[in-house]
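Coordinate analysis (summary)
Chain by chain, the residues:
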Amino acid sequence: MGVIFLIRFENVTKIYKGENEVVALKNIDLTINDGEIFGIIGLSGAGKSTLVRCINLLETPDEGRVLVDGVDMMNLTRRELRQHRKSIGMIFQHFNLLSSRTVAENVAFPLELSGVPKRQRIKKVRDLLELVGLSDKARAYPSQLSGGQKQRVGIARALANDQKILLCDEATSALDPQTTMSILELLKKINRERGITVVIITHEMHVIKEICDRVAVIEDGRIIETGIVEDVLLNPTTETARTFLKTVIKSEVPPEVAARLKESNGGELLQVTFLGGSTGEPIINEVVKNFDVVVNILYGNIDQIHDITFGMLVLKLTGPQRKQAKAFLEEKGLKVKVIDDV
Amino acid sequence: MMFNNPMIWNALKTALLETLYMVGVSTFFAVLFGLPLGILLTITSPGHIKPNKLINTVLGAVVNLGRSIPFIILMVAIINFTRWLVGTSIGTTAAIVPLSISATPFFARVTEQSLREVDKGVIEAAEAMGATTLQIIFKVLLPEALSSLVLGVTITAVNLIGYSAMAGAIGGGGLGDLAIRYGYQRFRPDIMIITVIVLVILVQGVQTVGSFIANRLDHK
Ligand SMILES: Nc1ncnc2c1ncn2[C@@H]1O[C@H](COP(=O)(O)OP(=O)(O)OP(=O)(O)O)[C@@H](O)[C@H]1O
Ligand SMILES: [Mg+2]
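Residues numbered from 1 in each chain as written. Chains lettered and ligands numbered in written order. Predicted model: local features only at pLDDT ≥ 70, side-chain atom pairs only at ≥ 80, totals over all residues. Heavy atoms only, no water.

Description of the pairing of strand β1 (residues 5-16) of chain A
In this sheet, strand β2 (residues 22-33) of chain A lies alongside β1(A) in antiparallel orientation, the contact comprising 8 bridges. If you follow A:Tyr16 over to β2(A), its bridge partner there is A:Val22. (Pairing = 2+ DSSP bridges. Helix = DSSP H or I, 4+ residues; strand = E, 2+ residues; numbered from the N terminus.)

Observations regarding the environment of A:Val288
Residue and element names in this part refer to chain A. Position of Val288 relative to the elements: it lies in helix α11 (residues 280-290). Placed 37 residues apart in sequence, Val288 and Ala325 show a C-alpha to C-alpha distance of 8.4 Å. Residue contacts for Val288: discarding those within four places in its chain leaves Val293 and Val295. (Contact = heavy atoms within 4.5 Å.)

Describing the sheet that holds strand β5 (residues 71-72) of chain A
Strand order in the open sheet formed by 4 strands is β2-β1-β4-β5 (chain A), with antiparallel pairing between adjacent strands. Each having just a single partner strand, β2 and β5 of chain A make up the two edges of the open sheet.

Examining the pattern of salt bridges
Across all of its chains, the model carries 20 salt bridges over all chains by this definition. Across the pair A:Glu36 and A:Arg214 runs a salt bridge whose closest N-O atoms are separated by 2.9 Å. With a gap of 178 residues between them, A:Glu36 in the loop between β2 and β3 (37-42) and A:Arg214 in strand β9 (residues 214-219) connect regions that are remote in the sequence. With respect to class, A:Glu36 is no different from A:Arg214; both count as buried. Among the salt bridges present, the one from A:Lys326 reaches A:Glu268, with a minimum N-O distance of 3.4 Å. You can see A:Lys326 sitting in helix α12 (residues 322-331) and its partner A:Glu268 sitting in strand β11 (residues 268-275), a full 58 residues away along the chain. Both residues of the pair, A:Lys326 and A:Glu268, count as buried. Within the structure, one salt-bridge network assembled from shared partners comprises A:Lys14, A:Arg53, A:Glu59 and B:Glu124. (Salt bridge = Lys/Arg side-chain N within 4 Å of Asp/Glu carboxyl O. Buried < 20%, exposed > 50% of the residue type's maximum accessible area, 1.4 Å probe, protein only.)

Observations concerning the site of ligand 1
All names here are of chain A. Around ligand 1, the structure places Tyr16, Val22, Ala24, Leu43, Ser44, Gly45, Ala46, Gly47, Lys48, Ser49, Thr50 and Glu170. Between ligand 1 and the protein, one listed contact pairs an oxygen atom with a backbone N or O atom of Gly47 at 2.9 Å. Between ligand 1 and Thr50, the relevant distance is 2.5 Å, taken from an oxygen atom to a side-chain nitrogen or oxygen of the residue. In the complex, 58% of the free accessible area of ligand 1, which totals 630 Å², lies under the protein chains. Secondary structure elements with two or more residues in the shell around ligand 1: β2 and α1 (48-53). Of all the elements, α1 adds the most residues to the shell around ligand 1, at 3 residues. Looking at the shell around ligand 1 residue by residue, the class counts come to 5 nonpolar, 5 polar and 2 charged. (Near = heavy atom within 4 Å. Polar contact = N/O pair within 3.5 Å; in protein donor to acceptor, adjacent residues only side chain to side chain. Areas by Shrake-Rupley, 256 points an atom, 1.4 Å probe, with all protein chains shown as cover. Nonpolar A, V, L, I, M, F, W, Y, C, P; charged D, E, K, R; others polar.)

Quick look at the pairing of strand β10 (residues 222-228) of chain A
Residues and elements named next belong to chain A. Note: β9 against β10, 6 bridges, orientation antiparallel. Bridging across to β10, Val215 finds its partner in Gly227. Hairpin connection from β9 to β10: 2 residues lie between these consecutive antiparallel strands, with Asp220 at a positive phi of about 50 degrees.

Considerations on the packing of helix α3 (residues 103-113) of chain A against helix α5 (residues 147-159) of chain A
Residues and elements named next belong to chain A. Contact pair α3 / α5: the axes reach a minimum separation of 7 Å and the direction vectors enclose 30 degrees. One finds that α3 runs roughly parallel with respect to α5. Handedness of the α3/α5 crossing: right-handed. Within the contact between the two elements, α3 uses Val103, Asn106, Val107 and Pro110 and α5 uses Val153, Ala156 and Arg157. (Axes fitted to C-alpha atoms, helices over the stretch in contact; angles between N-to-C directions. Parallel < 35°, antiparallel > 145°, perpendicular 65-115°, else oblique. Left-handed = near helix turned anticlockwise from the far one by under 90°.)

Some words on the packing of aromatic side chains
The description of two aromatic rings rests on the distance between their centres and on the angle between their planes. Residue and element names in this part refer to chain B. Tallied over the entire structure, the rule returns 5 aromatic pairs over all chains. Their ring planes at 10 degrees and their centres at 6.0 Å tell us that Phe29 and Phe33 sit as a pair that is stacked. Residue Phe29 and its partner Phe33 are located together in helix α1 (residues 6-43), separated by 4 residues, close to a single helical turn. Above the plane of the ring of Tyr182 lies Arg186, whose end atom (NZ or CZ) is 4.5 Å from the centre. (Phe/Tyr/Trp six-rings, centres within 6.5 Å; stacked < 30°, edge-to-face > 60°. Lys NZ or Arg CZ within 6 Å of the ring centre and 35° of its normal.)

Have a look at this one:
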C-alpha cells in the first residue's frame, strides 16, 4: 500500500460564533503523510492554531471531516475520542506544564491518566528524560527551569504514551534563537528515531526552513500554498509566501549596500540569483577566464535549504565582453537582472 | 487582681477550647460542602470543562443567597433546623450549625476563585492528553490550586473566629461569650481586654500557619 496519509482535512470549515462571527478556517483540504515533519505557516490570526486544534478536536469543525490514521475524529464517542487523543502528543508556546508537579511527575502525568502501573511509569519517565537530556532535572519544578528546558519537559510529556503524532503550536516562539535551534534539533531527532509525524505551526519561516519536509501557507483561514519546503520557499506563487520568504532569504540588497553601490559609477550592475546544485563562485571564475570582463562582487548572500544551495550576488561588470558574459550566466541557469537603479 | 485568680484562667481556657472546637468543626464542614460546590461552580461556568448554564446559574444564585444573609439573622432564622439537627439550639455544638451554613457559600466562592486561577493552557493540555473530567478536577485543578485553597481555608477560619464570637454572644459559648458575660455584664474590662488579646493572637496564629503551609505548597 505504500505510504498513506496520517492526517487528512476534508473541506474543513470552522466558524467562531459570537457577536461578530469569525470564519477561522475555510474549506481546508490538507493531507499530512506518515513520518513527515509538516509545517504550517501564517501570520497572526490566520487560523494556524485553529487548524492544528482541529486535529485532536480541541476545536470541532463546523463542516467537513478530519481523519487521523484513518479514523473520522468527529464520529467518535467522548470516550473513544479521549482514547484517540492519547495517541496525539501536543506541545505549546507557553509549555503548559503543571506547576505543582516536578519534572518527572509532569512526564508521568499522561501515564497516570492511562493507568500505567507505577514501576513502569518510573522506567518510562527515566527513558524519556534521557531522550530530552533532562535526567538531572527530574526533581526540579517547572518554575526552576529555563524556557528551553520547560519545552523539553513538554516534549517528553507529549511522547510518554508512545504517540504517533506530535502537534507543536508555536513551540519555539517563546524561546531565543539558540534555544529554538536546539529544540528543533530535538524534534528532528525524535522524528528520525521514532518515526513520529510532527506538525509544526509557526509564524517564523526559519523554523520551516530548518526542519520541515513540507509546508502549507495559511492566510485568512485558507491554505494558499502547499508543497515541499524547497519548492514553496524558492518558487513562491503568492505574495504572502514571498513575504515570509524574504525573512529567510535576503534577495534584496540592503539599503546601506545600495547606497554604496550608487556611488560606484562605471560598469554595469547585475543582480544574479542562483538556485540549486552550482554555487556562484566557480561560474564567476569561468566568466572571468572566458570573457574579457572584470567582475567585482559587491554583495552576496548564500543560504541552504536541506541540500539545496541558493543565494544572490550583486556584481559589477566592466569590460567590452559584458554582453557575452551576461548570456553565459543565464545559460548556466542563473537569473540575471540588470540593476541601474538599486 | 485577675492574674492570681485561677477561676478566670480556667474560664479563659474553657472558652478558648470552645472557640477552637466551633471554628475547627465548622471550617471542616465549610470545606466539606463548599469545595464540591466551588468545583461545580467553576467547571460549569462558560468556557470551562463542563459548561452548563442551568446548573451554574442555580448554584450561583443559591451561593449568593447564602452569602447575603447576615450571620446573626441566619442563626436565629434556622433555630428550629438547628434544634432538629443537633437536639439543642444553644451551646457550642448548636453554634456549629449556623457557622457551617454561613461559611459554606463563602468557601465555595473562595474555591471558585482559586480554581479559576488555574492556567487555562494547563487544563487544555490535560484535555489534549485525553484526561476525563474527574481526572482534570483531581489531578489538575485541585493540585494546581492547592496553595491558594489553603489560603482560602485560612481566610474562612479567620472569618469563623469572628462569627463564633458573635455566636458566643448569644449563648454559644467560647471567647465571645466570655467577653460579654464577664467584660460587659459584670463590668470586668480586664477580662474583656484579655479575651480580645487572645482572639488577636488566635487570628494571627491561624493566618501565620496558613500562609506558611500555602507557601510551602506553592511551586509557581
Ligand atoms: N475561541 C475563539 N473565539 C472566537 N474567535 C476565535 C477563537 N479562537 C480564535 N479565534 C479567531 O479565529 C481566527 C484564527 O485564530 P487562530 O488562533 O487560529 O490564529 P493563529 O494563526 O493561531 O494566530 P496566532 O499566530 O496569533 O496564534 C482569529 O481571527 C481569531 O481571532
Ligand atoms: Mg496560534
